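Understanding the architecture of this molecule
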Amino acid sequence: MKKVLLLTIIFLSVINVGYSEDSIKKLTVDEAVILAADNNISLQRQRISLNTLEKKKNTSWNGISPSLSASGSASIPLEDGDISYNFSGSVSISFTPSLFTAIKTAKLNYENGVTSYENAVRNIELNVRKIFCSLLYTKENISLQQRKLETAKSLYESNLAKYNRGQLSELDLLNSQYSYESVIPTLQSLQNSYENSIATFKQTLGLSQDVQIELVGNIEEYLNIGKIQINKNIEEVPAVKTILANMELAKTQLLATRFSAWGPSISASYSYGKAGTSASSDLRTTGNSLSLSLRLPLDGFLPWSNGALSIANQKANLQDLELQLKEKKESVALEIQNNIKNIEQAQAQLKVLESNVQLAQKRYNMTLTAYNHGSKDLLTLQNASDALMTARDNLNSQKIKIFSAILDLENTLGVPFGTLGKENN
């Protein structure tokens, strides 16, 4: 009966494992980026705003659209008599120089909207890639803790056998038992943290919490880069391009203010009307006129007028943007140089940490052998194990630091993520 029950449990477990594997959605970092770009709620809102700006751009010429009107009336006598009626229509059109700036402003606003949307997409991608790599780091840390737990468990079981044979003191047995059991809550805490981060990651990707995902990738593949060389024009950097776009918009707004203060406006209108009665089929013309007008504002030539003050404010705003541009170019150039130096320094430090892991592994292996032969105590072995764990964790932490620094530099430069240093590798 027990054998049958055991076989049933194993069979159901195999079925459950197969079902779980089939239902898990495996994601690479590029697939996660695509999901976020398609489903992220903030990007969906940005797309709606961008569509509105596009409509405004496509209809910005409507300032010259003619104004049409039509009217009609009828008079019905209460006693016998003819019904009289009339109708009229008019069309008017006006033109001001600000029409040109309105069209250009709508075009610039749309282009700025496109840039803002692209920056939002890049920010989402940057966030997704950083979270993805952080989750890989947590997975690797969980694996390290699992190996530590297995090692501690194996050592405890070995010590228990020695204790039962009278070859080990009870204190050493209890110490090894504590070392084994103390790893369990640490591992559980890491696993809980990983699950919470996965839930947040699903929200960023726009996935339901019911969807089970598995991250596919390795930190090492993101660190396979050569020497970083920057050949990008500083004016093509996104932060600089944003100020340049704002300057172009400010110039257009200054021109529009000048047109408003000094520019003439031309208007033309035409009206036509007819009237008649029910007794006659002939309609007489009641109105047929064409009028033209020209208006030239003079207030803008007065230095204390609102128009003149608006022009002065626009000029000051443009001068401020020019200073911002100069400052941003200098700060971005310095930021790029510092980032490259920090990445190169971190890469050099990574090699030292890799050597330290190899050394800690050899020291642990030698200490374990010595402990099994009775020439090293349990505390020395535990210290060697902790030193190995710390070395491995420092190595992985340094890898995450390098990867994050490379992503930040790619984001600053505005180059596609995952391409920096690849062409020289």
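A brief look at the structure comes next.

Calculation criteria
- Residues numbered from 1 in each chain as written.
- Predicted model: local features only at pLDDT ≥ 70, side-chain atom pairs only at ≥ 80, totals over all residues.
- Heavy atoms only, no water.
- Salt bridge = Lys/Arg side-chain N within 4 Å of Asp/Glu carboxyl O.
- Buried < 20%, exposed > 50% of the residue type's maximum accessible area, 1.4 Å probe, protein only.
- Helix = DSSP H or I, 4+ residues; strand = E, 2+ residues; numbered from the N terminus.
- Pairing = 2+ DSSP bridges.
- Axes fitted to C-alpha atoms, helices over the stretch in contact; angles between N-to-C directions.

Next up on the list: the pattern of salt bridges. Applying the stated rule across the entire model yields eight salt bridges. Residues Arg147 and Glu140 are paired through a salt bridge, measuring 4.0 Å at the closest nitrogen-oxygen approach. Residue class for Glu140 comes out partly exposed when judged on its relative accessible area of 31%. The shortest N-O distance in the salt bridge between Asp386 and Lys148 comes to 3.3 Å. Of this pair, Asp386 sits in helix α9 (residues 378-413) while Lys148 sits in helix α4 (residues 98-164); the two residues are 238 residues apart in sequence, bridging distant segments of the chain. Judged by its relative accessible area of 37%, Asp386 falls in the partly exposed class.

Another point: the sheet that holds strand β6 (residues 284-295). Read from one edge to the other, the open sheet built from four strands follows the order β2-β3-β5-β6, with strand pairing classed as antiparallel. At either margin of the open sheet sits one strand with a lone partner, and together these are β2 (67-75) and β6. In this sheet, adjacent strand axes meet at a mean angle of 10° when their direction is disregarded. As defined by bridge partners, β2 adjoins strand β3 (residues 84-95) across nine bridges and the pair is classed as antiparallel. Within the sheet, the bridge partner assigned to Ser73 lies in β3 and is Asn86.

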